[in-house]
Amino acid sequence: MSTKPTNVEEIKKELIAKMPTKVARKRAKSILPGTEMGEPIPEIQSNVRTIPGIITQRGCTYAGCKGVVLGPSRDIVNLTHGPIGCGFYSWLTRRNQTEAGPDGENFIPYSFSTDMTEHDIVFGGEKKLRAAIKEAYDTFHPKAISIFSTCPVGLIGDDIHAVARTMQEELGITIFANSCEGYKGVSQSAGHHIANNQIMKHVIGTDDDTKIEGKFKVNMLGEYNIGGDAFEIERILEKCGFTLVATFSGNSTVQDFRVAHNADLNTVMCHRSLNYVAEMMETKFGIPWIKVNFIGAEASAKSLRRMAAYFEDQELIDRVEAVIAEELVAVNKVVEEIKPRTAGKTAMLFVGGSRAHHYQELFKELDMKILGAGYEFAHRDDYEGRHVLPNIKVDADSRNIEELEILPDPERYKPRKTEAEMARLNEKGVDFKGYEGMIEGMGKNAMVIDDINHYETEKLLEIYKPDIFCAGIKEKFIVQKMGIPLKQLHNYDMGGPYAGFNGAINWYRDIDRMVNTKVWALIKAPWQSTGPELEATYVA
Ligand code: SF4
């Protein structure tokens, strides 16, 4: 079993000791210990500018907008307006699974780009953008086209929104644009916000004619079907009797978004990327939202119970209980088999904006200990809980991200529950708009680090020597060369699903294999421990 350090403050000092004074001062505000349950949570510095040259894990606004939120829709042509790099490197590298469905439409295997050249930078790229939209339309006849700006587009002043408007009139399909130039904000996070705004403005609730049949209608916000996670969640929801109107946006279609305002409850998986739509839909249509987590068998059961409680229907509540009981049989069998091999082992998670929290549940189910966790681009509310929202100051780097002013829809605003009903449900544990954040309950010996960099990662590994480290592809091979297995929590190392009950079983087995493989003991060649058997001497 690994050594468990006890003094987080000492380790923090070591992490920043070699940094220039100004950098050390800044980094110190983004590193703190976890807290015990119910204890006050100190403020963590997050969602601030990345320190130049520090080797961050972060990506850009375009990645958050196109790569994360809107990219996973299968029947929208997502057109990158920019030089070829942005579209090329984001081509099929995020594992959003799709199923073409009866209409057979699935543009996920493609990468659409205007492939800007020097000529477009000098004379402007609007003409090329118009031509690309027309070509995509003529070739694929999509129902919608979404345009994504990359860095140079904002600098040269292409008006992508005007192009979208004129092409929408000309072609008669939905065309909307996202000003998600990579330099906006400080990370992927700004791109999420931009995507939320544009989908709210141009797509959500634009079809009032199609009626959605079924009882207990819900949307799943912030679930991107990595490795088939959304398929597993869909299976469970259907088994329980919920009607899933739209998933934002794993395996989704533009039509799903158009009718999403028919749902009676929004459930939020990834709080960071989709909380804006959740809030806006509540204001505009009166749909309340709750936070859920389908990562972890216990967490899935808890989320299902909360969703069933919201609808206050005994038949649904009973069915949910029956499904949980049935599903947990297989889950518990695997946990019992594996836990003796994983109990007491240690893990660290530094990923994105939600998984570093969600996956702690799965590790706890294997009786593993969390030594540290942090996000690339989360905000204070994702760490400390939503109660800090009124105290968050938007700094100069994020002030250029538009805040939409949303008002109740004059005809379609329909509160799903009265104030009294909401209060009553709240008492029963249905926590509307609630998210407690990651830090609570992590314990004082755990390290919380925002926007971790390469140097801090190496230092942490030297000090803590965790049994497993969770991060992404950029960290994977560096960490493994240090003799520690790295589980990719963005692409699941091509595995998954890990959501829901079947996903939990997959996870237990994968983690067991990773922390118990003997390969790490073979890193040193035998002669490195015994010393050289034969040594040559140079003779002049
Ligand atoms: S930072 Fe700019 S150039 Fe790089 S991927 Fe993002 S949009 Fe493209």
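Treat the numbers as computed from the prediction; the structure is a model and nothing was measured.

So, about the sheet that holds strand S2 (residues 76-81). Across the sheet, which stays open at both edges, the 4 strands sit in the order S3-S2-S4-S5 with parallel pairing between neighbours. Of all the strands in the sheet, the pair left with one neighbour each is strand S3 (112-113) and strand S5 (174-178). The pairing of S2 with strand S4 (residues 144-149) spans 6 bridges and is classified as parallel. The residue of S4 that forms the bridge with Leu79 is Ile147.

Here we take up the pairing of strand S7 (residues 243-249). Most of S7 is tucked away, with 6 of its 7 residues classed as buried. Bridge count for strand S6 (residues 217-223) against S7 is 6 bridges, and the pairing is parallel. Its bridge partner lying in S7, Val218 is registered against Leu244. Taking the sense of rotation as the criterion, the β-α-β connection linking S6, helix H10 (residues 229-240) and S7 turns out right-handed.

Let us now look at the UniProt feature "domain: Nitrogenase/oxidoreductase component" (unreviewed entry) in the protein chain. Cross-referencing UniProt, the feature "domain: Nitrogenase/oxidoreductase component" (unreviewed entry) maps to residues 60-514 in the present numbering. Structurally, residues 60-514 comprises 45% helix and 13% strand, and the distance from its first C-alpha atom to its last is 31 Å.

On to unusual backbone geometry, then. Residue Ser249 is bonded to the preceding Phe248 through a cis peptide linkage, with omega at 5°. Inspection of the secondary structure assignment puts Ser249 in strand S7. Between Gly496 and Pro497 the backbone carries a cis peptide bond, its omega angle lying at 0°. Tracing the chain through its elements places Pro497 in the loop between strand S14 (486-488) and helix H20 (500-516). Unusually for a residue other than glycine, Ile55 sits at a positive phi of about 60°. Judged by its relative accessible area of 58%, Ile55 is exposed. Phi at Asn225 is positive, roughly 55°, even though this residue is not glycine.

Before going further, it helps to examine the nonpolar core. Within soluble globular proteins, side chains that are nonpolar tend to cluster in buried spots. One finds Phe242, Leu304, Leu349, Phe363, Trp507 and Tyr508 to be the most contacted residues of the largest nonpolar core, which totals 73 residues. Leu70, Phe148, Ile199 and Trp289 belong to the second largest nonpolar core, which has 37 residues in total.

About the criteria used
All residue numbers refer to positions counted from 1 along the written sequence of the respective chain. The predicted nature of this model means local features are confined to residues of pLDDT at least 70 and side-chain atom pairs, given and counted, to a pLDDT of 80 or more, with totals for whole chains, interfaces and linings taken over all residues. Remark: hydrogens and water are excluded; side-chain values derive from all non-hydrogen atoms of the structure. Pairing between strands is defined by DSSP: at least two bridges between the two strands are required. Here a strand is any run of E in DSSP of at least two residues, a helix any run of H or I of at least four, and the numbering for each starts at the N terminus. Buried residues are those whose accessible area, probed at 1.4 Å on protein chains only, stays under 20% of the maximum for their type, while exposed residues exceed 50% and partly exposed ones sit between those limits. Crossover handedness is defined here as right-handed if the route from the first strand over the helix to the second strand goes clockwise, with the strands pointing away from the viewer. UniProt positions are given in the numbering used here, feature names are shortened, and annotations may be inferred rather than shown by experiment. Here, nonpolar core refers to any group of buried Ala, Val, Leu, Ile, Met, Phe, Trp, Tyr and Cys residues whose side-chain atoms link them within 4.5 Å.

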